[in-house]
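Here's the letter readout for the chains.
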Amino acid sequence: MVQDFLNTIGIEGYGADLLADTARAGDWAAGAVRAWSALRGLDVRPPALSDADVSKLRALRDTIAKLVAGEPPTGRATSAVSVSVGLSETGEVRLEPAGSGWRWLASALWGEILLSQHDGTWRRIKRCHNPQCGSTFYDRSKNNSGVWHDVKTCGNAANLRASRARRRERDSAALNSAQHRGA
């Protein structure tokens, strides 16, 4: 859910910001809550969102994106939200989001981050190093060394740019060397 939330941002050439307006945000929230509910074995209705909720969600997205980038939290977007602790039919204690509107979504997101931090998977949530992309991805590499959301697209493009830069540097150095020998 956290990865999906961070990927609501409009990425250059790949679509609009899904939190740009109340209608888009409501559509995103409905799908995200359905998926989250199914994974958790719960029957939860998506919260209704107002224009003010959507603004709060964009600020929350920025705060969580900074956390993924390793930056310390700042501003009011880090204000506290409530969460409930419930007991499942199988006897498992679980966190249950509380509140309404953006607060319910924030509660669910912070709960997922808390669980991820405790089970050691939070460090695997990363932002693609391709500046034109910026997708958030889950690093599934064995040694947690992934830097591209997709090596075939973003990784190849970056490696090609780096290769061309090295070639230009070698060609420039060879040209300078030839000019100095000829002088």
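A brief report on the enclosed structure follows.

Conventions adopted
Residues numbered from 1 in each chain as written. Predicted model: local features only at pLDDT ≥ 70, side-chain atom pairs only at ≥ 80, totals over all residues. Heavy atoms only, no water. Helix = DSSP H or I, 4+ residues; strand = E, 2+ residues; numbered from the N terminus. Buried < 20%, exposed > 50% of the residue type's maximum accessible area, 1.4 Å probe, protein only. Contact = heavy atoms within 4.5 Å. Areas by Shrake-Rupley, 256 points an atom, 1.4 Å probe, with all protein chains shown as cover. Pairing = 2+ DSSP bridges. Axes fitted to C-alpha atoms, helices over the stretch in contact; angles between N-to-C directions. Parallel < 35°, antiparallel > 145°, perpendicular 65-115°, else oblique. Left-handed = near helix turned anticlockwise from the far one by under 90°. Salt bridge = Lys/Arg side-chain N within 4 Å of Asp/Glu carboxyl O. Expected span 1.5 Å × (residues − 1). Core = buried A, V, L, I, M, F, W, Y, C linked by side-chain atoms within 4.5 Å. Phe/Tyr/Trp six-rings, centres within 6.5 Å; stacked < 30°, edge-to-face > 60°. Patch = residues over 30% accessible without salt bridge, like charges linked within 9 Å, V, L, I, M, F, W, Y side chains within 5 Å.

### Remarks on the overall build of the chain
Reasoning step 1: What the chain contains, in helices and strands, is five helices and four strands.
Reasoning step 2: Reading the helices (α) and strands (β) of the chain from amino to carboxyl end gives α-α-α-β-β-α-β-β-α.
Reasoning step 3: The buried share of the chain, reckoned over its 183 residues, is 32%.
Reasoning step 4: Contacts in the chain between residues far apart in sequence, at least 24 positions, make up 45% of those at least 6 positions apart.
Reasoning step 5: Surface exposure of the chain reaches about 11,500 Å², of which carbon and sulfur atoms provide 51%.

### So, the pairing of strand 2 (residues 93–97)
Reasoning step 1: Judged from the five bridges that link them, strand 1 (residues 83–87) and strand 2 form a sheet pairing that is antiparallel. Bridge assignment links L87 to a residue of strand 2, and that residue is V93.
Reasoning step 2: Counting the residues that bridge the hairpin from strand 1 to strand 2 gives five residues, and of these G91 lies at a positive phi of roughly 90°.

### Here we look at the packing of helix 3 (residues 51–68) against helix 4 (residues 102–119)
Reasoning step 1: Running from amino to carboxyl end, helix 3 crosses helix 4 at an angle of 15°, the nearest separation of the two axes being 9 Å. It follows that helix 3 is roughly parallel to helix 4 by the angle criterion. The element helix 3 and its partner helix 4 pack so that their crossing is right-handed. Residues D53, K56, L57, L60, T63, I64 and L67 of helix 3 pack against W102, L105, A106, L109, W110 and I113 of helix 4.

### What about the pattern of salt bridges?
Reasoning step 1: Applying the stated rule across the entire model yields five salt bridges.
Reasoning step 2: Residue D17 pairs with R61 through a salt bridge whose shortest N-O separation is 2.8 Å. Highlighted residues: D17 in the loop between helix 1 (2–6) and helix 2 (22–40) and R61 in helix 3, separated in sequence by 44 residues.
Reasoning step 3: Judged by relative accessible area, which is 19%, D17 ranks as buried.
Reasoning step 4: A residue is classified by how much of its surface remains accessible, and R61, at 5% relative accessible area, is buried.
Reasoning step 5: Of the charged contacts in the structure, one is a salt bridge between R40 and E112, with a shortest N-O distance of 2.5 Å. Of this pair, R40 sits in helix 2 while E112 sits in helix 4, placing them 72 residues apart in sequence.
Reasoning step 6: On the accessibility criterion, R40 (36% relative accessible area) is partly exposed.

### Digging into helix 4
Reasoning step 1: Here helix 4 contains 18 residues, and its C-alpha end-to-end distance of 26 Å stays within 8% of the 26 Å for a straight helix at 1.5 Å per residue.
Reasoning step 2: Residues of helix 4 that are buried: W102, W104, L105, A106, S107, A108, L109, G111, E112, I113 and S116.
Reasoning step 3: Looking at the buried residues of helix 4, the elements they touch are helix 1, helix 2, helix 3, strand 1 and strand 2.
Reasoning step 4: Two residues or fewer after helix 4 comes G120, characterised by a positive phi angle close to 85°.

### Digging into the nonpolar core
Reasoning step 1: By size, the foremost hydrophobic cluster in this structure holds 25 residues, and its most contacted members are F5, L57, I64 and L105.
Reasoning step 2: The set of elements that each furnish at least two residues to this core consists of helix 1, helix 2, helix 3 and helix 4.
Reasoning step 3: If you tally residues by element for this core, the top one is helix 4, at seven residues.
Reasoning step 4: Excluding anything up to four places from it in sequence, F5 contacts L19, W28, L57, L60, R61, I64 and L109.

### Notes on the packing of aromatic side chains
Reasoning step 1: Under the definition given, this model contains two aromatic pairs.
Reasoning step 2: With centroids separated by 5.5 Å and ring planes inclined at 45°, the aromatic side chains of F5 and W28 adopt a geometry described as tilted. Highlighted residues: F5 in helix 1 and W28 in helix 2, separated in sequence by 23 residues.
Reasoning step 3: For the ring pair W36 and W104, a centre distance of 5.6 Å and an interplane angle of 90° mean the geometry is edge-to-face. You can see W36 sitting in helix 2 and its partner W104 sitting in helix 4, a full 68 residues away along the chain. Each member of the pair, W36 together with W104, is buried.

### Describing a nonpolar patch on the surface
Reasoning step 1: Judged by side-chain polarity, V85, L87 and V93 come together as a nonpolar surface patch covering roughly 330 Å² of accessible area.
Reasoning step 2: Tracing the chain through its elements places V93 in strand 2.

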